[in-house]
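Analysis of the macromolecular model
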Amino acid sequence: MRTAAVLGTGLIGTSVALVLAGRGVRVHLLDHDPGRARTAAALGAGTDEAPDGPVDLAVVAVPPAYTAGAVADAQRRGLAQAYLDVASVKAGPRRELAELGCDLTRYLGTHPMAGRERSGPLAATADLFEGRPWVLTPTPGTDTEVLNLALELVAFCRAVPVVMDADAHDRAVALVSHTPQLLSSLLAARLEHAEEAAVRLCGQGIRDVTRIAASDPAMWIDILSANPGPVADVLAAVADDLDETVRALRALQSADEEERRGGAAGVDELLRRGNRGRDRVPGKHGVAPAAYEAVTVLIGDQPGELARVFADAGRAGVNIEDVRIEHATGQQAGRIELLVEPTAAPVLTAALREHGWSIRQ
């Protein structure tokens, strides 16, 4: 691939462009807002000048509702030899393209499973896709050269290609991406008018669950409008579970011992189902999740503290598998959980104590 055009210079489009430009591909940045294209160009993602002739690959990075129209317009203009989109839904745009009479042999629907709470070109980063699944939805009619260009792009981005049927993809993202956004927002909405005393008690659990509730509503309306049916199906099943859980919790208030036992059993089963489901979420490097032990370190909220604790862990020869940070409410301090292999936990604990760190048991 020597030339490319990126249509839409938001988070995903600009991140793709940064990767391609870094690989020596001449990238042309196109956007309905010229200011965003200029911003992306200033970041080193390419040029905001239109190409002189057809480029090798056009990457359409616009909201799902506009994807088919953008691909169709690009094909009519002869913008590229091959076209792919990176929208978060796949079946709808393909059907629209067929209805518009587009050349589907030169088109491939794709979806990089990556993103951030922030949007726009200034949020873009060339490492956004590293190690992330990148779904490809070819059909028997997809031209081999188009598929090869898509695989080349995925390789440039250091992502992991995953081939799926378009409808299966949309059902999958409804479960693992779109519904979690709504559930996070639903829970965060409970905080809007909560008493201040309750909000001050927020800890890491509520922060974890509501993190993605900070996402851009306009972006999510576009996404959910393109995949409402599968998302509604998942939410309906969740609603059934919620009804059962409410009944079980009410039973725990009963004066009848048998009812309380039934309520406890219902809550217990839900929690155990959650355990089993969580165990299926891929862990590090996409393999089965490993059991790590947490070493909790108390740190001050000041420059250099994280660097020091990581350096001391490195000198102890311990590999940190993951890290979680929890800030203390109303204090210039916090704690970090260093997740390590169980056999490494005693070694790390002793080494950090030796270097003066306070370890929380």
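Anything mentioned here points back to the structure above.
So, here's what we can say about the structure. (Residues numbered from 1 in each chain as written. Predicted model: local features only at pLDDT ≥ 70, side-chain atom pairs only at ≥ 80, totals over all residues. Heavy atoms only, no water.)

Bringing the nonpolar core into the picture now. Residues Leu20, Phe129, Trp134 and Leu153 are the most contacted members of the largest nonpolar core, which totals 38 residues. Taken together, the elements giving at least two residues each to this core come down to β1 (3–7), α1 (11–22), β2 (26–30), α2 (34–42), β3 (55–60), β4 (80–85), β6 (133–136) and α5 (144–156). In this structure, Leu30, Ala58, Val60 and Ala70 belong to the second largest nonpolar core, which totals 17 residues. (Core = buried A, V, L, I, M, F, W, Y, C linked by side-chain atoms within 4.5 Å. Buried < 20%, exposed > 50% of the residue type's maximum accessible area, 1.4 Å probe, protein only. Helix = DSSP H or I, 4+ residues; strand = E, 2+ residues; numbered from the N terminus.)

Our next topic: the packing of helix α6 (residues 166–189) against helix α10 (residues 228–252). In the contact formed by α6 and α10, the axes pass within 8 Å of each other and the chain directions differ by 60 degrees. Classified by the angle between their axes, α6 and α10 sit oblique to one another. When you trace α6 past α10, the crossing you get is right-handed. Contacts from Asp170, Arg171, Ala174, Leu175, His178, Thr179, Leu182 and Leu183 of α6 reach α10 at Pro230, Val231, Val234, Leu235 and Val238. Taken together, the residues of the contact of α6 with α10 break down into nine nonpolar, two polar and two charged. (Axes fitted to C-alpha atoms, helices over the stretch in contact; angles between N-to-C directions. Parallel < 35°, antiparallel > 145°, perpendicular 65-115°, else oblique. Left-handed = near helix turned anticlockwise from the far one by under 90°. Contact = heavy atoms within 4.5 Å. Nonpolar A, V, L, I, M, F, W, Y, C, P; charged D, E, K, R; others polar.)

What follows is about the pattern of salt bridges. In the structure shown here, the tally under the stated rule is 14 salt bridges. Between arginine 36 and aspartate 31 there is a salt bridge, and its shortest N-O distance comes to 3.5 Å. In this structure, aspartate 85 and lysine 90 form a salt bridge, with 2.8 Å as the shortest nitrogen-oxygen distance. Per residue, the accessibility class of aspartate 85 equals that of lysine 90, and both read buried. (Salt bridge = Lys/Arg side-chain N within 4 Å of Asp/Glu carboxyl O.)

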